[in-house]
Protein chains: 2
Amino acid sequence: MLEITPLLDRTSKEPLFVQLLSYIKKQIQIEKIRPGDKLPSKRKLANHLGVSLNTVENAYQQLNAEGYVQSIPREGFFVADIDEDWFNIRPVKRKEMERKTSNKKDMYKYDFNHGKVELDQFPYSVWKRLTLESIDKQQKEVFLNGDPKGEWSLRNEIANYLFQSRGVKCSPAQIVIGAGTQYLLHLLTMMLDPSYVYAMEDPGFHRTRRVLEDKGHLIRPIPLNKNGICIDTLRASDATITYVTPSHQFPTGIIMPIKRRIELLKWANEVNGYIIEDDYDGEFRYKGKPIPSLQGLDNWDRVIYLGTFSKSLIPSIRVSYMILPEHLLGNYENKLSVYKQTVSKLHQDTLQKFMKNGHWETHLNKMRRLYRRKQEVLISSINEYLKDNFEVIGEQSGLHILLSDYRRRSEQNLIQMAKEHSVKVYPTSIYYNAPHKINEHSILIGFGGINIENIHEGVRQLSKAWLD
Amino acid sequence: MLEITPLLDRTSKEPLFVQLLSYIKKQIQIEKIRPGDKLPSKRKLANHLGVSLNTVENAYQQLNAEGYVQSIPREGFFVADIDEDWFNIRPVKRKEMERKTSNKKDMYKYDFNHGKVELDQFPYSVWKRLTLESIDKQQKEVFLNGDPKGEWSLRNEIANYLFQSRGVKCSPAQIVIGAGTQYLLHLLTMMLDPSYVYAMEDPGFHRTRRVLEDKGHLIRPIPLNKNGICIDTLRASDATITYVTPSHQFPTGIIMPIKRRIELLKWANEVNGYIIEDDYDGEFRYKGKPIPSLQGLDNWDRVIYLGTFSKSLIPSIRVSYMILPEHLLGNYENKLSVYKQTVSKLHQDTLQKFMKNGHWETHLNKMRRLYRRKQEVLISSINEYLKDNFEVIGEQSGLHILLSDYRRRSEQNLIQMAKEHSVKVYPTSIYYNAPHKINEHSILIGFGGINIENIHEGVRQLSKAWLD
DNA sequence: GGGTATTTGTCCGTATGTATG
DNA sequence: TCATACATACGGACAAATACC
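Parameters at a glance
Residues numbered from 1 in each chain as written. Chains lettered and ligands numbered in written order. Predicted model: local features only at pLDDT ≥ 70, side-chain atom pairs only at ≥ 80, totals over all residues. Heavy atoms only, no water. Contact = heavy atoms within 4.5 Å. Buried area = accessible area lost by both parts, 1.4 Å probe. Salt bridge = Lys/Arg side-chain N within 4 Å of Asp/Glu carboxyl O. Helix = DSSP H or I, 4+ residues; strand = E, 2+ residues; numbered from the N terminus. Nonpolar A, V, L, I, M, F, W, Y, C, P; charged D, E, K, R; others polar. Buried < 20%, exposed > 50% of the residue type's maximum accessible area, 1.4 Å probe, protein only. Lys, Arg positive; Asp, Glu negative; His and termini not counted. Polar contact = N/O pair within 3.5 Å; in protein donor to acceptor, adjacent residues only side chain to side chain. Core = buried A, V, L, I, M, F, W, Y, C linked by side-chain atoms within 4.5 Å. Near = heavy atom within 4 Å. Pairing = 2+ DSSP bridges. Arc of directions from axis to C-beta. Axes fitted to C-alpha atoms, helices over the stretch in contact; angles between N-to-C directions.

> Please set out the interface of chain B and chain A residue by residue, giving values where relevant.
Facing the 70 residues of chain B at the interface are 68 residues of chain A. Buried surface at the junction of chain B and chain A, both sides included, amounts to about 6,400 Å², of which 60% is carbon and sulfur. Where chain B packs against chain A, one counts 1 salt bridge. Between Asp81(A) and Lys259(B) there is a salt bridge whose closest N-O contact spans 3.7 Å. Secondary-structure elements contributing two or more residues to the side of chain B that touches chain A are helix H4 (124-138), helix H5 (140-143), helix H7 (181-191), helix H8 (206-214), helix H10 (258-270), helix H11 (329-336) and helix H12 (345-356) of chain B. For the side of chain B that touches chain A, the leading source of residues is H4(B), giving 7 residues. Grouping the constituent residues of the side of chain B that touches chain A by class yields 34 nonpolar, 14 polar and 22 charged.

Structure (structure tokens):
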């Protein structure tokens, strides 16, 4: 006769039937109770344990639901034919994962990170107020699942802004909102025929390279000359889609002149392909006349435009967008409409209000001024300390510049020396298609995230690190 | 069998048991219920009406006290033998309480959408307050780009919850947060060797099929038997990864018993592959306790667990998560750490607070209760109107059931007939690997999004559409 | 082999503690 | 605070299956 004698704790917060349940489960697992065995009748067990019939019943029913036992009316409960060996396998040892201490960034006094942006200027109070309005007024609406392409009203604001500010011509219908440029690229490659061959600027934005490579594309690296991507090399390749950053080439900072832009558009039209224009920091231009976006120049609908609020507003709300040519909208509907929108509707709603009420324009102007000041401080500091030893590259726009060492010391060397003076600067070799082959002497200096007061001293430290 | 089906109004100031009481009284007065009749047992009626046992008990006790019925211990309640002429019998006019939906876009009065969830219950004020706190206290922190896997503090809360509630064993380091299950699946397939061969339940979740197909995988469809995915067929295939929904198979609602779970885990170990466990609605089980997860049974770290807050909390904040086996963490770091987190940090922070302060547990309990009530109303309505013509499948848990037509009329036919009565129901054929080959007679009925007051009438309309 | 007592799962009404609003 | 509702636990009635004489 099967003995079931769990230690029941009536004072425990755990209900009796749960205690009984887990006891029996364990007995089955350690083979004290074996497949085919008949469990004691509910009454007998209840009696034996001094609990109510219903308590046992609850436990038995749950065992039944989980498949451990099977009930045969008026006969009994029988242990199911499960593989009891399973539970005697020693679990793989699990190590306690400790949280990585993120003290690394504190090791540096001056961090010229690119990618990081200015956060102090973010209009917290306005954003907070609009967020509240969104939660309050909309309630249910805001928390429903919305349009997979993003809310129409927000797309409308974006279309207006882009036309005014970047010369982009599009209707809201062409805009697809998504959580980050990487994600949008992923969507884009899915909706395009896989037979397209991708090309990228070399050097170029590494995250884009990763997205495309991860999707199984072998990327044709196209070198740059002083005006950006080499059209001749591109033309000689078998590429049919090319990813470019014409406003401020990453990382070199080259601004693609209008002539090259038109050549590029012609190429796309000839090969019946596409240009992916990533305007990741096109809002920030400090000298010279603004050059219209490739998309705005395009008469053949060959440009897919990518933009983001991560640099200009705030990274953490994760709002980016892409603009599809009209003739690709059918593709989108066919292939991507099952993919749900990835940006929080609350943020979409808040952002739409933010733009509609003019806060966006105000904010953008403010940021432009601020970054220009930072950039000026950076450049003047460099002129003060590093002028004779380093060349500044790509200072016309964006949130970073390159410093090229006349002495041609290695990138890793320069970074290490800076580190010893508590200054963090960044490599450029990783942006090349074949990093190991590159002998790179340029250092990436971002000024988006660093405090304006620290720039001058940071550069002075760099001079001490690199010149002494 | 005596049918007692009052229209209960939970929003009314009148307590439920009072409503029930007066309804039964009236039924006795108009001789719908006659002397000597046995009232339904308290348990049965409670189940039928979707109310607690005690609610019925209160009503019955009051009837007893007033002399309408007599209680015979351990037998039942019997209507007392009173003079039938005692009451002035007047016909009760049944008013058609037609709630007109003013929304033009809602062509359907009754939409049994699966996927939609209850939004009225979302704790707006708490969420709003926590959102404010997050914006206020953290300021810069909250708007910075964070950990690509998601904030540690949130992952910690999720790990605790999953262990307690779903038996999932993991450390926060194994958790990856992302904007939706589809996106996480995309990440997952990227970090796994492309030579893995994917299998899915057939029928199975169509969005998953799309994600995998879009990534170029040819999916092996594995049929189901009554215990879920067929292990033999799976074993005979060349698959090395299989996607399953063991808690509540989509769409059939099968709960995978322990035996099949172990077989599945053994298979994964033998082929050195993985099981993707999508626990999309595992929180919602209506009889007994929730079934522990597959992940918790796994001793060899072959299970990748997927979960989401979209069903249980709110879809629009886009928070889902996956749990990787420890030995895959290296893969993640190598291949995916360049992919930025897609969930808004503000929402992550708010959610973390929400969970930490116990609101999550409260909310989950509330939702469980609500959905159970909805499900009970749905089932009892079906029993009332459709019992003889349709079989209910998968009613143990989740937010949907299947209705299988005994007459084997075509799916499209049934949907069309329902449409003519302004009821929207959904097909199941689309969840099959080769929909055109399927002759499907099951209809998908979701009850997550429909208002509880509309369920009964919606089913009644269905009966008119399908039976007249 | 047939009748009967016993055992069984299932269902029933009841009581108590606790969460919810 | 208080009414309401639910989870848990209790003891007994029923009919079917089984064991026993």
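Having seen the structure, we can now continue with the description.
> Please provide a residue-by-residue account of the side chain of Glu201(B), values included.
Residue and element names in this part refer to chain B. Mapped onto the elements of the fold, Glu201 is located in strand S5 (residues 198-202). Nearest to the buried, unbridged Glu201 among oppositely charged side chains is Arg209, at 8.4 Å. Among the polar contacts listed, one links the side chain of Glu201 to the side chain of Thr245, at a separation of 2.9 Å. In this structure the side chain of Glu201 is engaged in a polar contact, spanning 2.9 Å, whose partner is the side chain of Gln249. Not counting residues up to four positions away in its chain, the partners in contact with Glu201 are Arg209, Ile222, Leu224, Ile229, Tyr243, Val244, Thr245 and Gln249.

> Kindly report on the nonpolar core, identifying the contributing residues and their values.
Core analysis: the biggest nonpolar cluster contains 62 residues, and Phe112(B), Leu313(B), Val425(B) and Trp466(B) have the highest contact counts within it. Of the residues forming this core, the biggest block, 8 residues, is contributed by helix H13 (residues 359-385) of chain B.

> Outline the protein's contact with DNA strand D, listing residues and values.
Not every one of the 22 residues close to DNA strand D is listed here, only the nearest: Leu16(A), Ser52(A), Asn54(A), Ser52(B) and Arg372(B). For DNA strand D, a phosphate oxygen lies 3.1 Å from a polar atom in the side chain of Arg10(A). Residue Arg372(B) places a side-chain N or O atom 2.3 Å away from a phosphate oxygen belonging to DNA strand D. Of all the elements in the fold, those that place two or more residues in the surface near DNA strand D are helix H1 (16-29) and helix H3 (53-66) of chain A together with helix H1 (16-29), helix H3 (53-66) and H13 of chain B. Per element, the largest residue contribution to the surface near DNA strand D is 3 residues, and it comes from H3(A). Taken together, the residues of the surface near DNA strand D break down into 9 nonpolar, 6 polar and 7 charged.

> Which residues make up the sheet that holds strand S13 (residues 400-405) of chain A, and what values do they have?
All names here are of chain A. Taking strand neighbours across the sheet as the criterion, the 4 strands line up as S12-S13-S16-S15 in an open arrangement whose pairing is antiparallel. Each edge of the open sheet carries a strand with a single partner, namely strand S12 (390-393) and strand S15 (426-427). One ladder, built from 5 bridges, connects S13 with strand S16 (residues 442-446); its direction is antiparallel. Within S16, the position partnered with His400 by the bridge is Gly446.

> Give me the protein's contact with DNA strand C: which residues, what numbers.
The local shell around DNA strand C holds 30 residues, among which Ser41(A), Lys42(A), Arg43(A), Lys42(B) and Arg43(B) are the closest. Restricting the count to atoms of DNA strand C within 4 Å of the protein gives a sugar and phosphate share of 63%. One nitrogen or oxygen atom from the main chain of Lys42(A) is found 3.0 Å from a phosphate oxygen belonging to DNA strand C. Within the backbone of Phe77(A), an N or O atom sits 3.3 Å from a phosphate oxygen of DNA strand C. When residues of the surface near DNA strand C are traced back to their parent elements, those giving at least two are helix H2 (42-49), H3, strand S1 (69-72) and strand S2 (76-79) of chain A together with helix H2 (42-49), H3, strand S2 (76-79) and H13 of chain B. In terms of residue class, the surface near DNA strand C is made up of 6 nonpolar, 11 polar and 13 charged.

> Lay out the environment of Arg34(A) with the relevant residues and their values.
Residues and elements named next belong to chain A. Along the chain, Arg34 falls in the loop between H1 and H2. Relative accessible area serves as the criterion here: at 39%, Arg34 is assigned to the partly exposed category. Residues Arg34 and Leu20, spaced 14 residues apart in sequence, show a C-alpha to C-alpha distance of 17 Å. A polar contact is formed between the side chain of Arg34 and the side chain of Glu31, at a distance of 3.1 Å.

> Describe in detail the pattern of salt bridges, supporting the description with residues and values.
Residue and element names in this part refer to chain A. Counted according to the given criterion, the structure contains 30 salt bridges over all chains. Arg166 is the salt-bridge partner of Asp279, the closest N and O atoms lying 2.7 Å from each other. Here Asp279 is found in the loop between strand S9 (274-278) and helix H11 (294-297), whereas its partner Arg166 is found in helix H6 (residues 152-166), with 113 residues between them in sequence. Neither residue differs from the other here; Asp279 and Arg166 are each classed as buried.

> Describe helix H8 (residues 206-214) of chain A, and please don't skip the residues or the numbers.
Those residues of H8(A) not exposed but buried are His206(A), Thr208(A), Arg209(A), Arg210(A), Val211(A) and Leu212(A). Residues of H8(A) that are buried sit in contact with helix H7 (181-191), strand S5 (198-202) and strand S8 (241-244) of chain A together with H11 of chain B. Downstream of H8(A) by one or two residues, Gly216(A) has phi in the positive range, about 90°.

> Go over the environment of Leu462(B) with me, naming the residues and quoting the values.
Residue and element names in this part refer to chain B. Looking at the secondary structure, you find Leu462 in helix H15 (residues 452-467). Expressed as a C-alpha distance, the spacing of Leu462 and Phe447, which sit 15 residues apart in the sequence, is 14 Å. Residues contacting Leu462, with those up to four places away along its chain left out, are Phe112, Leu386, Ala418, Val423, Val425 and Ile445.

> Run through helix H15 (residues 411-420) of chain A, naming residues and quoting values.
Residue and element names in this part refer to chain A. Those residues of H15 lying buried are Glu411, Leu414, Ile415, Met417 and Ala418. Seen end-on, H15 carries its buried residues on one side only, within an arc spanning 165°. Set apart from the buried face of H15 by more than 90 degrees, the exposed residues are Gln412 and Glu420. Tucked inside the fold, the buried residues of H15 contact S12, S13, strand S14 (423-424), S15, S16 and helix H16 (452-467). Looking one or two places after H15, you find Ser422, whose phi comes out positive at around 65°.

> Go over unusual backbone geometry with me, naming the residues and quoting the values.
What is expected of a backbone is that most residues other than glycine have negative phi and most peptide bonds are trans. Note the cis peptide between Phe250(A) and Pro251(A), where omega equals 0°. In this fold, Pro251(A) is placed in the loop between S8 and helix H10 (258-270). Of note, the amide linkage connecting Asp202(B) to Pro203(B) takes the cis form, showing an omega dihedral of 5°. As for its placement among the helices and strands, Pro203(B) is situated in the loop between S5 and H8. In this model, Arg318(B) sits at a positive phi of 60°, which is unusual for a non-glycine residue. Along the chain, Arg318(B) turns up in the loop between strand S10 (303-308) and strand S11 (320-323).

> Tell me about the environment of Asp120(B), residues and numbers included.
Tracing the backbone through its elements, the reader meets Asp120(B) in the loop between strand S3 (110-111) and H4. Distance from Asp120(B) to Asn451(B), taken between C-alpha atoms, is 9.5 Å for residues 331 residues apart in sequence.

> Which residues make up the sheet that holds S9(A), and what values go with them?
Across a sheet, strands are paired by hydrogen bonds formed along the backbone, either parallel or antiparallel in direction. All names here are of chain A. With mixed pairing, the 8 strands of this open sheet are ordered in space as S4-S11-S10-S9-S8-S5-S6-S7. Two strands close off the open sheet at either side, each with one partner strand: strand S4 (175-178) and strand S7 (228-229). Two elements, S5 and strand S6 (residues 220-225), share 4 bridges in a ladder whose sense is parallel. The partner of Glu201 across the bridge, within S6, is Ile222. Along the sheet, H8 contacts S5 and S8; its crossing angle with S5, the most-contacted strand, is approximately 155°.

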